[in-house]
Amino acid sequence: MIKIKPELAQIKLSAWRSILLLSLLVLGLVSLAGRAAYLQGMHHDFLQQKGELRYSRVIEMNADRGMITDRNGQILAISSPIASVYADPKVVKITPEQLKQLSGLLETSMAEIDDRIKRENSRFVYLKRQVVPDTAEKIMKLKIPGIFLSSESKRYYPESEFAAHVLGFTDINDEGQEGVERGWQDSLAGELGSRRVIKDNKGRIVEDIENIRTPKPGQDLVLSIDRRIQYRAHVELKDAVKINKAKAGSVVVLDAQTGEILALTNLPAYNPNRRSTINNERLRNRALIDTFEPGSTLKPFTVAIAMEVGKINADTLMQTSPGTLQVGRKTIRDVNNKGELTVAQVIQQSSNVGTAKIALSLESQTMWEMFNRSGFGMLTNSGFPGEASGILRPYNKWRTIEQATMSYGHGISTSLMQLARAYTIFASGGELKPISLLKQTMPVMGQRVISRHTALAMSRMLEMATKPGGTAPLAQISGYRVAGKTGTAHKLIDGQYANKRYISTFVGYAPASNPRLIIAVMIDEPSAGKYFGGAVAAPVFNKVMSGALRIMNIPPDAPANNVVTFTATPEMDEEG
Amino acid sequence: MFKLNIFFIFVVIACALGIVTSQHTARKLFMELENEKGIERKLEVEWGRLQLEQSTLIMHGRIEQIAKENLNMTAPAASSIQIVSISNAEDRLNPKGIEP
């Protein structure tokens, strides 16, 4: 044991040294405490945020675009996820071998990929958008640093070209470009959401911090379209356009009781799944955005208003001989001299002279009001983008000759949809029904245009037109009573009537005893010889209508000896 | 007094450990939830794909083609359709007109 020498313990140190040391220590402690308080107190939020940045991430949450279905819930358009491949050129490290594989999978040339991943100043470049999931998986298996997938969604249209003009399509960023996709973009499109989460070192989400924005999925849309009728209409139209060597054509099918659009199709059409098939000609939704002079299909409106105001009735005799009528310096002609006709026969045989005579007995204002209330010159509010309103000039600008020609559909223009809608007046007993492209669950209220009595009388005349002696016997469907009117008009090109270029139309409905369906057909420039509406458009009406009546299970109202009657012959049972 | 302090120290430690464990369990459960949500999303995608497939398979054109070509079916002509009138059938089932 060493004993401490007592002399050592008694060394006297000057007091200031210990005081200095102590104060230095205290100063150090105080400054530490101060700094700590400063960081904790004043910079708390900033530091907390910085800390969170190390482990928290903001995640985008997808919101799918809504589905579009037909009235029976069958899918017409649906979004399905698909991957896009992108690269971060600053991070990409790729071997020539991998480049070759990647180029094979993406079906892009190696030079192009190489060019893209060498854009040094960019941190994001798409290598290919919308890659099928299988390929995307294979690309990920290559494990090339700096190449990633982003998930997007692609729109599919199972009906391809059959419903192209109704649905339209979306662009690569999921924005609706045409048709329903564009018209209802706001409700179909979902809103992206995002949330902040904590991720662990393996990239798994372990905690939710906050919901920045809740994603809103797009709403599903139920259209009034019936997929089966739509298909039938398109197929028959395609046939007719081909047979008649026509330039274009449209068919509109309406539910006569609700005004719902059951089918709407145009040719030429495109396949919305393949954007390369799209061009301006094919894109046109002719039934809604193209207007034409309706021709004779307008005659029933002139005659109906004349009956409504009491100028004529169905049996009033009209002299159409000699088949021409001089109005001012112009001459109105019939196809042939039809002699003396009743008003019903004027409609049945579609006499221009007869109709013009009836029109000239009317005030121009009365006629204008009829056309106006029938919806000519006014938008149908179907919700489609770019709809045309057609032209109905104000009555105080009409000259006599114009009033005469307008009575049979010249000097007035309309879209096929407007024409179809106007026929709801005769099909529904005098009411103009609002049309809609969305399925209606409530009964719709129409707007009364003419009395029920006049509408029924006109309906009987329109029925005569499809019977022997009328202009459209080809529209006749066995088992059903059909009413309708043909139209054949010269085409207006640059304000002049073009020679030998016609628009053939037919508008009709069935069953005439209780109309359920209205079909309007328009064939543009048939050039295979025939051009009368009764020969070109009526057969299309016939095929689409008979198909649609069967699809909708509508009982025949004119059965021809094929009704099984039990009361008369009970033995029928055994015979089957 | 000293004993009480010791006791409280143990209580505090126990509470702290409790928090750690419960946080851990919460995260584990949350991960499981995320996992399940992922599966849900995948199933939804699958459902969409199946709907699309079904929709393509039941295309009218396809059915018509198969019916015509493979099964030799035709749409019946109007003359070969027999219509059973409901009112007549009811009359026969209830010939004496007795109210049910």
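Not measured: the values here are computed from a predicted model.

Describing the overall build of chain A
Here is step 1 of the chain: Scanning chain A from terminus to terminus reveals 23 helices and 20 strands.
Here is step 2 of the chain: Taken over the C-alpha trace, chain A has a radius of gyration of 38 Å; the compact-globule value for 576 residues is 25 Å, which it surpasses by more than 25%.
Here is step 3 of the chain: By residue count, 43% of the 576 residues in chain A fall in the buried class.
Here is step 4 of the chain: Look at the contacts in chain A between residues 6 or more apart in sequence, and 70% of them connect residues 24 or more apart.

Some details on the pairing of strand β7 (residues 205-213) of chain A
All names here are of chain A.
Here is step 1 of the chain: Both strand β6 (residues 193-199) and β7 contribute to a ladder of six bridges, which runs antiparallel. Within β7, the position partnered with R196 by the bridge is E210.
Here is step 2 of the chain: Counting the residues that bridge the hairpin from β6 to β7 gives five residues, and of these G203 lies at a positive phi of roughly 80 degrees.

Digging into the domain arrangement of chain A
Residues and elements named next belong to chain A.
Here is step 1 of the chain: Splitting chain A by domain gives domain 1 (59-105 + 127-222) and domain 2 (227-551).
Here is step 2 of the chain: Listed per partner, the contact involves 23 residues of domain 1 and 20 residues of domain 2.
Here is step 3 of the chain: Mapped onto the side of domain 1 that touches domain 2, the elements with two or more residues apiece are α7 (164-167) and α8 (179-183).
Here is step 4 of the chain: Taken together, the residues of the side of domain 1 that touches domain 2 break down into 12 nonpolar, five polar and six charged.

Here's the deal with the sheet that holds strand β9 (residues 248-255) of chain A
Residue and element names in this part refer to chain A.
Here is step 1 of the chain: Reading across from one edge, β10-β9-β19-β18-β17 is the order of the five strands in this open sheet, with antiparallel pairing throughout. The strands lining the two open edges of the sheet, one partner per strand, are β10 (261-267) and β17 (483-493). In this sheet, neighbouring strand axes are inclined to one another by 10 degrees on average, regardless of whether the strands run parallel or antiparallel.
Here is step 2 of the chain: Judged from the six bridges that link them, β9 and β10 form a sheet pairing that is antiparallel. Counterpart to V251 in the pairing with β10 is T265.
Here is step 3 of the chain: Of the strands in this sheet, β9, β10 and β19 (517-524) are in contact with helix α10 (residues 227-243), which crosses β10 at around 30 degrees.

So, the pairing of strand β18 (residues 496-510) of chain A
Residues and elements named next belong to chain A.
Here is step 1 of the chain: Pairing of β17 with β18, which is carried by 10 bridges, proceeds in the antiparallel orientation. Among the inter-strand pairings, A483 is bridged to a residue of β18, identified as Y509.
Here is step 2 of the chain: Two successive antiparallel strands, β17 and β18, enclose a turn made up of two residues, where D494 displays a positive phi of approximately 50 degrees.
Here is step 3 of the chain: Both β18 and β19 contribute to a ladder of eight bridges, which runs antiparallel. Residue S504 lies in a different strand from β19, and its bridge partner there is I523.
Here is step 4 of the chain: Between β18 and the antiparallel strand that follows it, β19, lie six residues.

A closer look at the environment of D70(A)
Residue and element names in this part refer to chain A.
Here is step 1 of the chain: Mapped onto the secondary structure, D70 falls in the loop between β2 (68-69) and β3 (75-87).
Here is step 2 of the chain: D70 sits in the buried class, given 23 other C-beta atoms within 10 Å.
Here is step 3 of the chain: For the pair D70 and S224, spaced 154 residues apart in sequence, the C-alpha separation works out to 6.2 Å.
Here is step 4 of the chain: Once residues lying within four places of it in the same chain are set aside, the contact partners of D70 are L76, L223, I225, D226 and R227.

Quick notes on the rules
- Residues numbered from 1 in each chain as written.
- Chains lettered and ligands numbered in written order.
- Predicted model: local features only at pLDDT ≥ 70, side-chain atom pairs only at ≥ 80, totals over all residues.
- Helix = DSSP H or I, 4+ residues; strand = E, 2+ residues; numbered from the N terminus.
- Rg over C-alpha atoms; globule rule 2.2 N^0.38 Å.
- Buried ≥ 20, exposed ≤ 12 C-beta atoms within 10 Å, placed from the backbone.
- Contact = placed C-beta atoms within 7 Å.
- Pairing = 2+ DSSP bridges.
- Domains from an automatic or database assignment.
- Nonpolar A, V, L, I, M, F, W, Y, C, P; charged D, E, K, R; others polar.
- Axes fitted to C-alpha atoms, helices over the stretch in contact; angles between N-to-C directions.

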